[in-house]
Structures are given as C-alpha cells and as structure tokens.
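Notes for the structure review
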Amino acid sequence: MSWRSLIYFALAFCVSMANLVAGGGTLTGPLAYVDPDGECAYTPEETGTGPSADQVVSVSAAPAIVVVGLLVLALATTHGRARLGRVTVRALAGVLLLTGGYGTVTFLVNVIAYSDCYYGLGGDVSELVYFVAPAVPPAVAATAMFLAAARDERA
C-alpha cells in the first residue's frame, strides 16, 4: 500500500472523527424527512421523529468504516489480493456515502420537485446550507476512501 493511500485514509479518518466529536456522537445537523403527503420535507424537530438508522450510522460508525477499509486494503495488498481490497474499500465508501447523504438527497429532491417547499422555508440560501451541510463530512470521507483505493500506477 502506498503513502498516497495512507494519506487519503488519514484524511477520511480525521474528517469522520471531527464529525463525530463535533456532534458529541449524535447527528450534527438537521436531516430532512418527507411528510406523509409527500409534498415537502421537514426537520425532525417539526415532525417529532428521531434520526433513522442510516443517519446514525453515517455519523457514529464512519470512523470504524474508514478503519475497516484501511485494514482490508492493507491485508489484501500484503496477501496479493490488492484488487479485492480495492473493491471492498470502494463498497465501504459507497455505504458511507449513501448513509451520509440519504436525508439530504431526499430533501433536495423534494425542494426541486415542489418549489413551494423552498419558499415555505423562507426562500433563503442559508436555509439550504442548513439542510445540506450534514452531508458534507460523509461525502468528503467517502471521496477520500475512493481515492485511497485507486490503483497505484507503479504497481
């Protein structure tokens, strides 16, 4: 395994740990939920529902997912199965990306499909940032894992 891969894994671990520490082990921001009518997205505070399992995984298990990816790639590389290790790391990064961005993607789809929802939020860009920001750390960590699993040109 190259130094480049180790640096990317370190970046992914630092970002996921910072997200975990910043939120005290819980979600660091609001994630959107679809109302029963399917017209607009609301925050958990408005609906009285708690975070779903995928949202908890995206925050609390992200550092563990990164460490497992590093160990899998290191073991696979030392045993001559680098391709299997790269595929596994990419799958783990995909899990991290999907769990971290699910609520945000749901919210953005609702805002695009129902423009009245956006104006119901006040039509302010800061409101969009408030809803989109929780998906950034998992996306950065997953991207770093994808880059860490890239094939070395020297090998």
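Turning next to the overall build of the protein chain. Tallying secondary structure elements over the protein chain gives eight helices and two strands in all. Reading the secondary structure of the protein chain in the N-to-C direction produces α-β-β-α-α-α-α-α-α-α. Taken over 155 residues, the protein chain has a buried fraction of 37%. At a minimum sequence separation of 6, the contacts of the protein chain that also span at least 24 residues come to 73%.

Another point: the packing of helix α1 (residues 3-22) against helix α8 (residues 136-148). Following both chains from N to C, one finds α1 and α8 inclined at 165 degrees, their axes separated by 8 Å at the closest point. It follows from the interaxial angle that α1 and α8 lie roughly antiparallel. Judged by the sense of rotation from one axis to the other, the crossing of α1 with α8 is left-handed. Facing R4, S5, Y8, F9, L11, A12, V15 and N19 of α1, the residues of α8 in contact are P137, P138, V140, A141, A144, M145, L147 and A148. Its residues assigned to classes, the contact of α1 with α8 comprises 13 nonpolar, two polar and one charged.

Glancing now at the nonpolar core. Formed by 17 residues in total, the largest nonpolar core has its most connected members in F9, A12, V89, L96 and M145. For this core, the elements supplying multiple residues, two or more each, are α1, α4 (62-78), α5 (82-113) and α8. Among the elements that take part in this core, α8 stands out by supplying five residues, more than any other. Residue contacts for V89: discarding those within four places in its chain leaves F9, G69, L73, M145 and A149.

Let us look at the packing of α1 against α4. Each pair of packed helices can be summarised by the angle the axes make with each other and by the distance between the axes. Two numbers describe how α1 lies on α4: the axes approach to 8 Å, and their chain directions differ by 165 degrees. The angle between α1 and α4 places the two elements in the roughly antiparallel class. α4 is crossed by α1, and the crossing has left-handed handedness. On α4, the residues that touch L6, F9, A12, F13, S16, M17 and L20 of α1 are A62, P63, V66, V67, G69, L70 and L73.

A separate point is α1. For α1, spanning 20 residues, the distance from its first C-alpha to its last is 28 Å, which sits close to the expected 28 Å at 1.5 Å a residue. Along α1, the positions that sit buried rather than exposed are S5, F9, A12, V15, S16, N19 and L20. The buried residues of α1 all sit within an arc of 135 degrees when viewed along its axis, so they share a single face. Opposite its buried face, α1 presents the exposed residues W3, I7, V21 and A22, each directed more than 90 degrees away.

Bringing the side chain of R86 into the picture now. Mapped onto the elements, R86 comes out in helix α5. For R86, a relative accessible area of 17% corresponds to the buried category.

Cut-offs used in this document
Residues numbered from 1 in each chain as written. Predicted model: local features only at pLDDT ≥ 70, side-chain atom pairs only at ≥ 80, totals over all residues. Heavy atoms only, no water. Helix = DSSP H or I, 4+ residues; strand = E, 2+ residues; numbered from the N terminus. Buried < 20%, exposed > 50% of the residue type's maximum accessible area, 1.4 Å probe, protein only. Contact = heavy atoms within 4.5 Å. Axes fitted to C-alpha atoms, helices over the stretch in contact; angles between N-to-C directions. Parallel < 35°, antiparallel > 145°, perpendicular 65-115°, else oblique. Left-handed = near helix turned anticlockwise from the far one by under 90°. Nonpolar A, V, L, I, M, F, W, Y, C, P; charged D, E, K, R; others polar. Core = buried A, V, L, I, M, F, W, Y, C linked by side-chain atoms within 4.5 Å. Expected span 1.5 Å × (residues − 1). Arc of directions from axis to C-beta.

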